[in-house]
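Below, each chain spelled out in residue letters.
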Amino acid sequence: QAGATTEAETFDLVIAANRLPVDKVVLDDGTVEWQRSPGGLVTAMESVMAGREGAWVGWTGQPGDEADAPFHNEGIYLRPVALTADEIAAYYEGFSNDTLWPIYHDVIVPATFHRAWWSAYEAVNRRFADAVCEVAAPGAVVWIHDYQLQLVPALVRAQRQDVRIGWFNHIPFPPVELFAQLPWRKRVLAGLLGADFLGFQRVADAKNFVRACRQLGGWQTKGQNVVVADPPREHRIVRAAAVPISIDTQGLAELANRPETRARARELRASLGNPEVLMLGVDRLDYTKGIRHRLKAYEELLDDGQIAPPDVTFVQIATPSRERVEAYRQLREEVELTVGRINGNHSVIGAPAVHYIHHGYPREEMVALFLAADVMVVTPLRDGMNLVAKEYVASRTDYGGALVLSEFTGAYHELHQAFVCNPHDIEGLKNAMLHAIQTPADQKRRIMRALRRRVMAHDVQRWAARFLADLTGTS
Ligand code: ADQ
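Since the structure is predicted, the reported quantities are computational estimates derived from the model, not experimental observations.

Asker: I tried to follow the overall build of the protein chain on my own but got confused; where do I start?
Answerer: When its secondary structure is counted, the protein chain shows 16 helices and 19 strands. A compact globule built from 475 residues would reach a C-alpha radius of gyration of about 23 Å, and the protein chain, at 23 Å, matches this within 12%. Dimensions of the protein chain, computed from the C-alpha atoms along their principal axes, are close to 70 × 55 × 40 Å. A total of 475 residues make up the protein chain; the buried ones form 49% of that total.

Spelled out as structure tokens, the structure:
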């Protein structure tokens, strides 16, 4: 359990991310417990922190005016950043998720602009930067994560020229024509250019960033590099490159090989009536994930009579997400209406056409579902990477299953042997689904073998090591 500390400690490696890797749980008797949230990023950081303790700066996930004291948890020094309820509404739900998120995802829904949200974003980024400077040892490596903290690199550099600063973008970086909509575009670019190295999911994202610097900010660029004035020196070079993220492939494969996971996969299939074809979707309930397009294609296949329950069934797991943002409320209503209609028209007693589940599952259950699914359907309209696609592949230690994958995911650039689709093209998506169902098993095994080769060789530990090597100039 957490041991609270009073004096400021400093570390050679500092991670800053919107969220701490732990959830705060207040027990009935009022005592506070911190539970480690399982996730790829935590696993990756554990691997780079092995042998040296690092610090992690982040929000606890709950409102509070009072900052919780820093504490040690399972080998990581956690430095909480307090956010008020108003700041959560303006910086997180507002600017991060209702301004930046839509712009960075092709404006699938319109972005909302409020000056007050921007002010909150600046204030919170400043608080994160101050916390980073407080825990960074002289010459430390600082690794900042994601679109919520784009101003932190420059804010840290202003205080600390001795540290090495990297930033990784988990989501896409938009084409300049879309990024140009952002009223604070130049200040965001200047914030990022405080870093030494900027990592992106795809080559195209890094190029979009460099182009935005040139066209919207007037910075000089050369290939992957942006030239930044840095008095009293003449200039400083900021490099932007693709470092695609991955997953803990070994951990997942190990879980998939356990007899109890395999038994659970069989049990899941049996409880679904042992369909010939089990199709699966697993996503945060987000409009970027193409859940509506996926359901439409599936519904048309049912309407056309090309597939039908009980032979075929679809399990859609949709994790609740950002429920206070209007676009997410609307999406939930539309998805639930569609599922209701599909089931009303096509289910038979004891065999629904769609099983829709609106909650999260532990990792063990997720892997059992992956093992049970004949066709994994991943259809985002835009997605930085999409870890679910890689998790499915890593879990198929039996070389079974088939992956339908949108070409608008970062994962597509590594997994192009999958059954590729453009989710906007409903006919094409229907064909990709049918193709994934009908392709002979031996051919599907060959495809899965190729996909697994890529995912097994490029895991999240390798990703983290590569990012740090790029950042510290040792690659
Ligand atoms: P996300 O948009 O959240 O991530 P994704 O990459 O698919 O999308 O990661 C989701 C994670 O949550 C996966 O590990 C998945 O297994 C898990 N998950 C989803 N639904 C779940 C459920 N119902 N129960 C339990 N677990 C569930 C953002 C970007 C992505 C990028 C990642 C990492 O949007 O493009 O790949 O960060 O950089």
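The discussion continues.
Asker: Teacher, can you tell me more about helix α2 (residues 85-104) here?
Answerer: An α-helix turns once every 3.6 residues. As a result, residues three or four positions apart point the same way. Compared with an ideal rise of 1.5 Å per residue, which puts 20 residues at 28 Å, α2 spans 25 Å between its outermost C-alpha atoms and falls more than 12% short. The largest bend along α2 reaches roughly 40° and is located at Phe-95. Where α2 terminates, the next one or two residues include Asp-106, which has phi positive at roughly 60°.

Asker: Could you clarify how one ought to interpret the site of the ligand in this entry?
Answerer: Taken together, 18 residues sit near the ligand, with His-170, Gly-360, Gly-384, Met-385 and Leu-387 positioned nearest. Those elements that provide at least two residues to the shell around the ligand are β14 (277-284), β15 (312-319) and α13 (387-395). Broken down by class, the residue content of the shell around the ligand amounts to nine nonpolar, five polar and four charged.

Asker: I tried to follow helix α3 (residues 115-135) on my own but got confused; where do I start?
Answerer: Taking 1.5 Å per residue, 21 residues should reach 30 Å; α3 reaches 31 Å between its end C-alpha atoms and fits that length. Within α3, the full set of buried residues consists of Trp-117, Trp-118, Ala-120, Tyr-121, Val-124, Asn-125, Arg-127, Phe-128, Ala-129, Ala-131, Val-132 and Val-135. Tucked into the core, α3 has its buried residues touching β2 (11-19), β5 (54-59), β7 (76-81), α2, β8 (136-145) and α4 (152-159).

Asker: What's the story with the pairing of strand β4 (residues 32-36) in this structure? I'm lost.
Answerer: A regular strand places its side chains so that they alternate between the two faces of the sheet. By the bridge criterion, five bridges tie strand β3 (residues 22-26) to β4 in an arrangement that is antiparallel. Bridge assignment links Val-26 to a residue of β4, and that residue is Val-32. Joining the antiparallel neighbours β3 and β4 is a turn of five residues, in which Gly-30 adopts a positive phi near 95°.

Asker: Quick question: what am I supposed to make of the environment of Asp-130 here?
Answerer: With respect to the secondary-structure elements, Asp-130 resides in helix α3. A residue is classified by how many C-beta atoms lie within 10 Å of it, and Asp-130, with 15 of them, is partly exposed.

Asker: How should unusual backbone geometry be read in this particular structure?
Answerer: Peptide bonds are mostly trans, and most non-glycine residues show a negative phi. Going from Pro-231 to Pro-232, the amide bond is cis rather than trans, its omega being 5°. Note that Pro-232 resides in the loop between β12 (225-229) and β13 (235-242). A cis amide bond links Pro-309 to the next residue, Pro-310, at an omega of 10°. Its place among the elements puts Pro-310 in the loop between α10 (291-303) and β15.

Asker: Looking at this structure, how should I read the pairing of β5?
Answerer: The buried fraction of β5 is high, at six of six residues. The two faces of β5 match: Gly-54, Trp-56 and Gly-58 on one face and Ala-55, Val-57 and Trp-59 on the other face are all buried. Of the pairings in the sheet, the one linking β2 to β5 comprises four bridges and is parallel in character. For Ala-16, the partnering residue across the bridge sits in β5 and is Val-57. In this structure, β5 lies alongside β7, joined through six bridges in parallel fashion. Bridge pairing in β7 links Ala-55 to Tyr-77.

Asker: Explain the packing of helix α9 (residues 259-271) against helix α12 (residues 363-372) to me, please; I cannot follow it from the model alone.
Answerer: It is the contact of α9 with α12, at a shortest axis distance of 8 Å, that shows an interaxial angle of 65°. Taken as a pair, α9 and α12 cross one another with a handedness that is right-handed. Residues Thr-261, Arg-262, Arg-264, Ala-265, Leu-268 and Arg-269 of α9 pack against Glu-364, Val-367, Ala-368, Leu-369, Leu-371 and Ala-372 of α12.

Asker: When you look at the nonpolar core in this model, what are you seeing that I'm missing?
Answerer: Grouped burial of nonpolar side chains is what soluble globular proteins tend to show. By size, the foremost hydrophobic cluster in this structure holds 156 residues, and its most contacted members are Val-14, Ala-16, Val-57, Val-132, Val-142, Leu-403 and Val-404. Not counting residues up to four positions away in its chain, the partners in contact with Val-404 are Val-375, Met-376, Val-377, Val-378, Ala-418, Phe-419, Cys-421, Ala-432, Met-433 and Ala-436.

Asker: I'm lost on the sheet that holds β15 in this one. Help?
Answerer: Neighbouring strands of a sheet are bound in pairs by backbone hydrogen bonds; such pairs are parallel or else antiparallel. The six strands are arranged β16-β15-β14-β17-β18-β19 in an open sheet whose pairing can be described as parallel. Each of the sheet's edge strands pairs with one partner strand only, and the pair in question is β16 (354-357) and β19 (419-421). Put simply, the sheet's adjacent strands are angled 20° from each other on average, direction ignored. For β15 and β16, the ladder comprises four bridges, and the chain directions are parallel. Residue pairing across strands places Ile-317 opposite Ile-357, the latter belonging to β16.

Asker: Looking at this model, I keep getting lost on the environment of Val-339. Mind explaining?
Answerer: Examined against the element boundaries, Val-339 turns out to sit in helix α11 (residues 326-346). In this structure the C-alpha to C-alpha distance between Val-339 and Asn-225, which are 114 residues apart in sequence, comes to 48 Å.

Asker: In this structure, what is going on with the packing of α12 against α13? I would like to understand it.
Answerer: Each pair of packed helices can be summarised by the angle the axes make with each other and by the distance between the axes. For the pair α12 and α13, the least separation of the axes is 9 Å and the interaxial angle reads 75°. Here α13 runs roughly perpendicular to α12, going by the angle between their axes. Contacts between α12 and α13 involve Val-367, Phe-370 and Leu-371 on the former and, on the latter, Glu-391, Tyr-392 and Ser-395. The residue makeup of the contact of α12 with α13, split by class, is four nonpolar, one polar and one charged.

How each quantity is defined
- Residues numbered from 1 in each chain as written.
- Predicted model: local features only at pLDDT ≥ 70, side-chain atom pairs only at ≥ 80, totals over all residues.
- Helix = DSSP H or I, 4+ residues; strand = E, 2+ residues; numbered from the N terminus.
- Rg over C-alpha atoms; globule rule 2.2 N^0.38 Å.
- Buried ≥ 20, exposed ≤ 12 C-beta atoms within 10 Å, placed from the backbone.
- Expected span 1.5 Å × (residues − 1).
- Bend = angle between axes of the 7 residues up to and from the residue.
- Near = placed C-beta within 6 Å.
- Nonpolar A, V, L, I, M, F, W, Y, C, P; charged D, E, K, R; others polar.
- Contact = placed C-beta atoms within 7 Å.
- Pairing = 2+ DSSP bridges.
- Axes fitted to C-alpha atoms, helices over the stretch in contact; angles between N-to-C directions.
- Left-handed = near helix turned anticlockwise from the far one by under 90°.
- Core = buried A, V, L, I, M, F, W, Y, C linked by C-beta atoms within 7 Å.
- Parallel < 35°, antiparallel > 145°, perpendicular 65-115°, else oblique.

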